[in-house]
Amino acid sequence: SYELNTLLEEEHPLHLIDIREKLQFERGEIFHEDLIKLTRGYLEFQIHKYIKNKNDLIVIYCCSGQRSSLAVNTLISMGYTNVYSLDGGIKKWVDNGYPILTSYGNMKLHDSY
């Protein structure tokens, strides 16, 4: 979480992909100007539309980090070279006190996600 937050604060070039399901998107997301919302089921079929350079930095997150870990393996097998999963997913992100973007704006939550 700390590493991703630092990259985002420093506006380091990266692709941030939220692979949760549509209903989960509505709970809030990690703010990134170019956030890619691409459910796990469509990742392999649509990733090439969003990311052309297979060496670009890619960080993937889901709720707990399990689906994003599988997605990392999938993208590596497809030739992407710089792919990471957000450890613990958005739940750990929130638990560590980092903000999420909600329909009410950017918020830090104190309770579990």
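Shown above is the structure to which this text applies.
Criteria and thresholds
Residues numbered from 1 in each chain as written. Predicted model: local features only at pLDDT ≥ 70, side-chain atom pairs only at ≥ 80, totals over all residues. Heavy atoms only, no water. Helix = DSSP H or I, 4+ residues; strand = E, 2+ residues; numbered from the N terminus. Rg over C-alpha atoms; globule rule 2.2 N^0.38 Å. Contact = heavy atoms within 4.5 Å. Areas by Shrake-Rupley, 256 points an atom, 1.4 Å probe, with all protein chains shown as cover. 1 Å grid on protein atoms, 1.4 Å probe; cavity = no way out; pocket = protein on both sides within 12 Å on 5 of 7 lines; lining within 4 Å. Points joined across faces, edges and corners; volume = space filled by probe spheres on them. Nonpolar A, V, L, I, M, F, W, Y, C, P; charged D, E, K, R; others polar. Pairing = 2+ DSSP bridges.

Asker: How should I be thinking about the overall build of the chain in this particular structure?
Answerer: From N to C terminus, the chain includes 5 helices and 6 strands. What you see for the chain is a C-alpha radius of gyration of 13 Å, in line with the 13 Å of a compact globule of 113 residues. Summarising its shape, the C-alpha atoms of the chain cover approximately 40 × 30 × 20 Å along the three principal directions. At a minimum sequence separation of 6, the contacts of the chain that also span at least 24 residues come to 58%. Accessible surface, the chain as shown: approximately 6,700 Å² in total, 51% of it carbon and sulfur.

Asker: Is there a simple way to explain the layout of surface pockets in this structure?
Answerer: Empty space among the atoms can be located by rolling a probe the size of a water molecule over them. The calculated volume of the largest pocket comes to roughly 300 Å³. Leu8, Glu9, Glu11, Phe31 and His32 are, among the 13 residues lining the largest pocket, the residues nearest its centre. Sort the elements by how many residues they give to the lining of the largest pocket and helix 1 (residues 2–9) lands first, with 4 residues. Here the lining of the largest pocket is composed, by residue class, of 6 nonpolar, 4 polar and 3 charged.

Asker: Sorry, what's going on with the sheet that holds strand 3 (residues 58–61) here?
Answerer: Backbone hydrogen bonds are what pair the strands of a sheet, in a parallel or an antiparallel way. With respect to topology, 4 strands assemble into an open sheet ordered 2-1-3-4, the strand pairing being parallel. The outermost strands of the open sheet, each flanked by one partner alone, are strand 2 (36–37) and strand 4 (83–85). Sheet topology note: the strand 1 (residues 15–18)/strand 3 ladder contains 4 bridges and is parallel. Each bridged residue has a counterpart across the sheet, and for Leu16 the counterpart in strand 3 is Val59.

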